Amino acid sequence: SSSAASDVYKRQYSDKVCGIVLALTATAASEAVFPFFADSVARREWRLVKKHLLQVTGAILLFAVPIAVIFIVFAPQIVGLLFERGSFTSADTAKVAGVMRFAAMQIPFYIAGILASRVAVSMEATRFTLVASISALACNITFNWILMQRMGVAGIALSTAFVHLLSAASLYIYIYRKVGLKEREDELAVRAINR
């Protein structure tokens, strides 16, 4: 139907804007810090892993949250500036901006999640990463269906933000628990050697 086509159209435009930000930030951030975390894990410097993960996440949030807020507050102006010309009218701008406001909520969670997934990979947590990915897919399908019934295509954008929040949170919980276990293992090993 034309309504469904219009919804896809709105989502594609909002995805383009958020996608540019995510491509420029998430990949660069994760690539920059991955060697450090991989080296710290290899050296079993668990306190350093926790400390720097907290610091880097804080820096990411200090950068990403304001960007998300700017996109949410100024969505109509951003969409209008980028797309409003020719057959893309002010009515289209209002519709796309409504979707983009929800899509922008994913920015901090997506970037933090990418960072955490790199740390998890450096800790050889491939099984957990696989389970987390499958769970995220299931959550995304469920949230899409529920929120789309109530909010239309904006619900899909909000669903994506929820899924990135849950994925990032589960990765951080896993990493901190795993690091705690590794610290205790190392302490027990040192005690056994010193006996």
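Residues numbered from 1 in each chain as written. Predicted model: local features only at pLDDT ≥ 70, side-chain atom pairs only at ≥ 80, totals over all residues. Heavy atoms only, no water.

Before we move on, can you summarise the packing of aromatic side chains with the specific residues and values?
Evaluation of the coordinates by the stated rule reveals three aromatic pairs. Here Phe-128 and Tyr-174 contribute two aromatic rings whose centre-to-centre distance is 4.1 Å and whose plane-to-plane angle is 10°, an arrangement assigned as stacked. You can see Phe-128 sitting in helix α6 (residues 126–151) and its partner Tyr-174 sitting in helix α7 (residues 153–194), a full 46 residues away along the chain. Looking at Tyr-174, the relative accessible area reads 18%, which means it is buried. When the ring centre of Phe-34 is taken as origin, the NZ or CZ atom of Arg-118, which lies over that ring, is 5.6 Å away. (Phe/Tyr/Trp six-rings, centres within 6.5 Å; stacked < 30°, edge-to-face > 60°. Helix = DSSP H or I, 4+ residues; strand = E, 2+ residues; numbered from the N terminus. Buried < 20%, exposed > 50% of the residue type's maximum accessible area, 1.4 Å probe, protein only. Lys NZ or Arg CZ within 6 Å of the ring centre and 35° of its normal.)

Got a sec to walk through α6? Specific residues and values, please.
Taking 1.5 Å per residue, 26 residues should reach 38 Å; α6 reaches 35 Å between its end C-alpha atoms and fits that length. Residues of α6 that are buried include every one of Ala-132, Ala-136 and Leu-147, and no others. Along its buried surface, α6 packs onto α7. Gly-152 occupies a position one or two residues after α6 and carries a positive phi of about 75°. (Expected span 1.5 Å × (residues − 1). Contact = heavy atoms within 4.5 Å.)

A description of the packing of helix α5 (residues 106–122) against α7 should follow, citing residues and the corresponding values.
Following both chains from N to C, one finds α5 and α7 inclined at 35°, their axes separated by 8 Å at the closest point. The chirality of how α5 crosses α7 is left-handed. Counting all contacts with α5, which are made through Gln-106, Phe-109, Tyr-110, Ala-112, Gly-113, Leu-115, Ala-116, Ser-117, Val-119 and Ala-120, the residues of α7 involved are Thr-160, Ala-161, His-164, Leu-165, Ala-168, Leu-171, Tyr-172 and Ile-175. Across the contact of α5 with α7, the residue classes tally to 13 nonpolar, five polar and no charged. (Axes fitted to C-alpha atoms, helices over the stretch in contact; angles between N-to-C directions. Left-handed = near helix turned anticlockwise from the far one by under 90°. Nonpolar A, V, L, I, M, F, W, Y, C, P; charged D, E, K, R; others polar.)

How would you summarise the environment of Ser-14 if you had to cite specific residues and measurements?
As for its placement among the helices and strands, Ser-14 is situated in helix α1 (residues 2–42). On the accessibility criterion, Ser-14 (0% relative accessible area) is buried. Spatially, the C-alpha atoms of Ser-14 and Ala-154 are 9.9 Å apart, while their sequence positions differ by 140 residues. Apart from the residues lying within four places of it in its own chain, the contact partners of Ser-14 are Val-96, Val-99, Met-100 and Ala-103.

How would you sum up the environment of Ala-132? Please name residues and give values.
With respect to the helices and strands, the residue Ala-132 is situated in helix α6. Separated by 20 residues in sequence, Ala-132 and Gly-152 place their C-alpha atoms 27 Å apart.

Outline a nonpolar patch on the surface, supporting the account with residue identities and numerical values.
A surface patch of nonpolar side chains, amounting to about 480 Å² of accessible area, comprises Leu-61, Val-65, Val-69, Ile-70, Val-73 and Phe-74. Position of Val-69 among the secondary structure elements: in helix α2 (residues 46–73). For Val-69, a relative accessible area of 44% gives the class partly exposed. (Patch = residues over 30% accessible without salt bridge, like charges linked within 9 Å, V, L, I, M, F, W, Y side chains within 5 Å. Areas by Shrake-Rupley, 256 points an atom, 1.4 Å probe, with all protein chains shown as cover. Salt bridge = Lys/Arg side-chain N within 4 Å of Asp/Glu carboxyl O.)

Could you give an account of the nonpolar core, with specific residues and numbers?
Judged by nonpolar contacts, the single largest core of 44 residues is most densely connected at Phe-71, Met-100, Ile-107 and Ile-175. Listing elements by their share of this core, those giving two or more residues are α1, α2, α3 (75–83), α4 (90–103), α5 and α7. (Core = buried A, V, L, I, M, F, W, Y, C linked by side-chain atoms within 4.5 Å.)

Can you lay out the environment of Ala-192 for me, pointing to particular residues and giving the numbers?
Among the secondary structure elements, Ala-192 is positioned in helix α7. As for Ala-192 and Ala-38, which are separated by 154 residues in sequence, their C-alpha atoms are 27 Å apart.

Explain the pattern of salt bridges to me, using residue names and the numbers behind them.
Enumeration over the complete set of coordinates arrives at three salt bridges. Of the charged contacts in the structure, one is a salt bridge between Arg-47 and Glu-183, with a shortest N-O distance of 3.9 Å. Residue Arg-47 is located in helix α2, and its partner Glu-183 is located in helix α7; the two are separated by 136 residues in the primary sequence. The exposed category is assigned to Arg-47, whose relative accessible area is 66%. The class of Glu-183 is buried, set by a relative accessible area of 14%. Between Lys-50 and Glu-183 there is a salt bridge; the shortest N-O distance is 3.2 Å. You can see Lys-50 sitting in helix α2 and its partner Glu-183 sitting in helix α7, a full 133 residues away along the chain. In this structure Lys-50 comes out as partly exposed when scored by relative accessible area, which is 27%. Among the charged side chains, a network of salt bridges with common partners joins Arg-47, Lys-50 and Glu-183.

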